[in-house]
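# Analysis of the macromolecular model
The primary structure of each chain is shown beneath.
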Amino acid sequence: MNKIKCFVSFILIVAFSSCVFAKGGHLIIAMNGKSEPANLDSQLDPYDSAKVLNNFVADRLVFINPNGAQYEPHLATGWSVSSNNLTWTFKLRKGVKFQDGTDFNAQAVKSNIERILDPNTGSGEAAAEFGLIKSINADSDYKLIITTKEPFPGFLHTLATQLVIWSPTALKKYSISEFSNKLVGTGPFKLTKWIPNNYASFERWDDYNWGPSIKKPRFGPVHLDKITVKFIDEQLVRGTIITTDDANMIWDTPAQFVSKYENSSDYKVVSGFQAGTGMQYVMNITKPPLNNILVRKAIRYATNQNALNELVYEGRYLPMGGPLNNVHTCFNSAIENRYAYDLNKAKMLLAEAGYHDRDGDGIVESYGVAGLEDGTPLRVLWTALSRQAKGEALQGQLRMAGINLELEIVPGPVQLERAQKKTFDLMYERQRIPVPDVLHLVYYSKNSGVGGWAWTGFEDSNLDKILSTMKNSVDPVKACDYAKKAQVIIQENAIQLPTLGQAMIYVHKSELKGFQLGAQGGQFYVYNMYIE
């Protein structure tokens, strides 16, 4: 009898232990609602938030390891490039299936890239990024050959960031608009529901068995049972929700709430920066008042980044002085102080441009300015997706120089429409790209069409030549040298207003384990997460 009791006790202990140490749980993320994608399919939606959410559901051929930012195999097991740098050959992982049972193979990858390149899809950014592709050949089930029109040094980066691979069966089954709520990939989670302006939910896919190198253990399903992403606009709600049971992680924590979590053992604070353009605002130089370089330079001199940083972000962000932020490998430090804050210089430039405050209301008016009636107040429209507080702080700074900065917050699709129609003055445009190609994307004048990101209207043959040479350079050192030359031209023509490099701040409860930043601070991975 005692033996039976001992045996039962042993079973209970083992069962209890397995319950205690089992890894799983429900991750509830509070995300900035203003960053919610208009479309969950990142082949169509150009914003980084869509890419992060797609990482829950889909995999990529190439993975960027956050430990050193090296390109590694994922669904591709390896690759080679021809001596003329035009033909790329990829070997693909065998035994991978999509969540609907469809086999992953070379034809699936081919159909996804062709979908992106199809104008009827409306891929925009992704189509532009893959624009150098000449041909795609599924040589066998697990061998893919891609030929480009010219050398494409950034191809691995494009594959790692722009190509999520969806089930070709699902893409045929659903329309483009339907698929956004029916995502079917090869990733660790299945999308279960997306209610725009509310939440998106995901559940673990137990058949997942091909994680990237950072997943421990690499093979087998992930730990978390479910993920719910709540889209929350209000900063007060998002900044404090983690103190309740309604969330256990904040993605993009408002800076003013961070200090309350930093010294508490109940929470972890993780910050990361994102190499790229930083939170810049590009200037539309095709119409008054920003077609005048003196006005553009005046805005640069009138902007006090350090004051913005302290006032709005408690000094947690990175001041910026040019087209690339200082965590980018091709950052040109020689030009970052070109427009150091100088309010008197800003006022002098405006006067030289023909703007004077003759009615004494604090806002200068145009006199003898081409395209404007005399007495027209100097008004600049500031268009952004979010960050009203920063806009208001900048508004106060520019008013000291006599500039009336009017603020508007718009959703992503409206921003893109304004860019194409050139119905903006000063508009938010941030690209989180750690390679020099980011400058080609934003400033190469021929990238101004539908889906393009060259919004300023600035055309300079010398700049275009430098950017084209930079993009085609297979030597990363030379590519950076060209990028630094391009930054000088962009800076001297004052066609963008750099403000700050954002610190992407995550706060999570200490019970959440395995959080990992991506190579870029705006990305994170859920492969090893669980709730203790």
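This is a predicted model, so every value here is computed, not measured.

Definitions and cut-offs
Residues numbered from 1 in each chain as written. Predicted model: local features only at pLDDT ≥ 70, side-chain atom pairs only at ≥ 80, totals over all residues. Heavy atoms only, no water. 1 Å grid on protein atoms, 1.4 Å probe; cavity = no way out; pocket = protein on both sides within 12 Å on 5 of 7 lines; lining within 4 Å. Points joined across faces, edges and corners; volume = space filled by probe spheres on them. Helix = DSSP H or I, 4+ residues; strand = E, 2+ residues; numbered from the N terminus. Nonpolar A, V, L, I, M, F, W, Y, C, P; charged D, E, K, R; others polar. Phe/Tyr/Trp six-rings, centres within 6.5 Å; stacked < 30°, edge-to-face > 60°. Buried < 20%, exposed > 50% of the residue type's maximum accessible area, 1.4 Å probe, protein only. Pairing = 2+ DSSP bridges. Axes fitted to C-alpha atoms, helices over the stretch in contact; angles between N-to-C directions. Contact = heavy atoms within 4.5 Å. Salt bridge = Lys/Arg side-chain N within 4 Å of Asp/Glu carboxyl O. Right-handed = clockwise from strand over helix to strand, strands pointing away.

### A closer look at the layout of surface pockets
Considered as a void within the structure, the second largest pocket measures approximately 400 Å³ in volume. For the second largest pocket, the lining is made up of 25 residues, of which Leu44, Gly122, Ser123, Gly124 and Leu416 are closest to its centre. Elements represented by at least two residues in the lining of the second largest pocket include exactly helix H3 (106-117), helix H4 (125-129) and helix H14 (412-421). With five residues, the single largest contributor to the lining of the second largest pocket is H14. Grouping the amino acids of the lining of the second largest pocket by side-chain chemistry returns 14 nonpolar, eight polar and three charged.

### Some thoughts on the packing of aromatic side chains
Counting across every chain of the model gives 25 aromatic pairs. A ring pair is formed by Phe90 and Phe155, whose centres lie 6.2 Å apart and whose planes are at 70°; its orientation type is edge-to-face. Here Phe90, found in strand E5 (residues 87-92), pairs with Phe155, found in helix H5 (residues 155-162); they are 65 residues apart in sequence, far enough to count as distant. The residues Phe90 and Phe155 share a single accessibility class, namely buried. Taken together, a centroid distance of 3.9 Å and an interplanar angle of 10° make the contact between Tyr313 and Tyr317 stacked. The class for Tyr317 is buried, based on a relative accessible area of 4%.

### Comments concerning the sheet that holds strand E6 (residues 133-140)
Strands sit in the order E4-E5-E7-E6 across an open sheet of four strands; the sheet is antiparallel. Bordering the open sheet on either side are strand E4 (76-81) and E6, each of which pairs with just one other strand. Direction aside, the axes of adjacent strands within the sheet are offset by 20° on average. For E5 and strand E7 (residues 143-148), the ladder comprises five bridges, and the chain directions are antiparallel. Bridged to Trp88 within E7 is Ile146. The strands that H3 touches are E5, E6 and E7; relative to E6, the one it contacts most, it runs at about 160°.

### What to know about the pattern of salt bridges
Tallied over the full model, the rule gives 18 salt bridges. For the salt bridge of Lys471 with Asp437, the shortest nitrogen-to-oxygen distance reads 3.4 Å. Of the two residues, Lys471 sits in helix H16 (residues 461-472) while Asp437 sits in helix H15 (residues 437-443), which places them 34 residues apart along the sequence. This pair shows no difference in class: Lys471 is buried, exactly as Asp437 is. Through salt bridges with shared partners, a single network forms among Arg204, Asp206 and Asp225.

### Structural notes on the environment of Ile505
You can see Ile505 is positioned in strand E21 (residues 503-509). Once the C-alpha coordinates of Ile505 and Arg316 are considered, the two residues, 189 residues apart in sequence, prove to be 9.4 Å apart. Non-local contacts of Ile505, meaning those with residues more than four positions away in its chain, are made with Ile250, Trp251, Asp252, Thr253, Val258, Val269, Val270, Ser271 and Arg316.

### Some points on empty space enclosed by the protein
Within this structure, the stated rule accounts for one cavity of 30 Å³ or more. Quantified by volume, the largest cavity comes out at close to 50 Å³. Each residue belonging to the lining of the largest cavity can be placed in one class, and the counts come to two nonpolar, six polar and two charged.

### Section: the sheet that holds strand E8 (residues 189-195)
If you trace the seven strands from one edge of the open sheet to the other, you get E8-E9-E10-E1-E11-E21-E12, paired in mixed fashion. Pairing within the sheet leaves two strands with one partner each, and these edge strands are E8 and strand E12 (267-273). Looking at each pair of strands side by side, their axes are set apart by 20° on average, direction ignored. The sheet contact formed by E12 and E21 spans seven bridges and is antiparallel. Bridge pairing in E21 places Val270 opposite Tyr506.

### As for unusual backbone geometry
Residue Pro217 is bonded to the preceding Lys216 through a cis peptide linkage, with omega at -10°. Along the chain, Pro217 turns up in the loop between strand E9 (199-204) and strand E10 (226-232). Here the residue pair Pro288 and Pro289 is connected by a cis peptide bond, since its omega of 5° sits within 30 degrees of zero. Along the chain, the position of Pro289 falls in the loop between strand E13 (279-283) and helix H10 (293-302). A positive phi angle is found at Asp252, which is not glycine, with a value near 75°. Within the secondary structure layout, Asp252 lies in the loop between strand E11 (249-251) and helix H9 (259-262). The exposure class of Asp252 is buried, given its relative accessible area of 7%.

### Looking at the pairing of strand E17 (residues 379-384)
With five of its six residues buried, E17 lies for the most part within the structure. Bridge analysis of E17 against strand E18 (residues 404-409) gives six bridges, and the strand direction is parallel. Along E18, the bridge assignment pairs Leu381 with Glu406. Regarding the hand of the β-α-β motif, the stretch spanning E17, helix H13 (residues 388-400) and E18 is right-handed.

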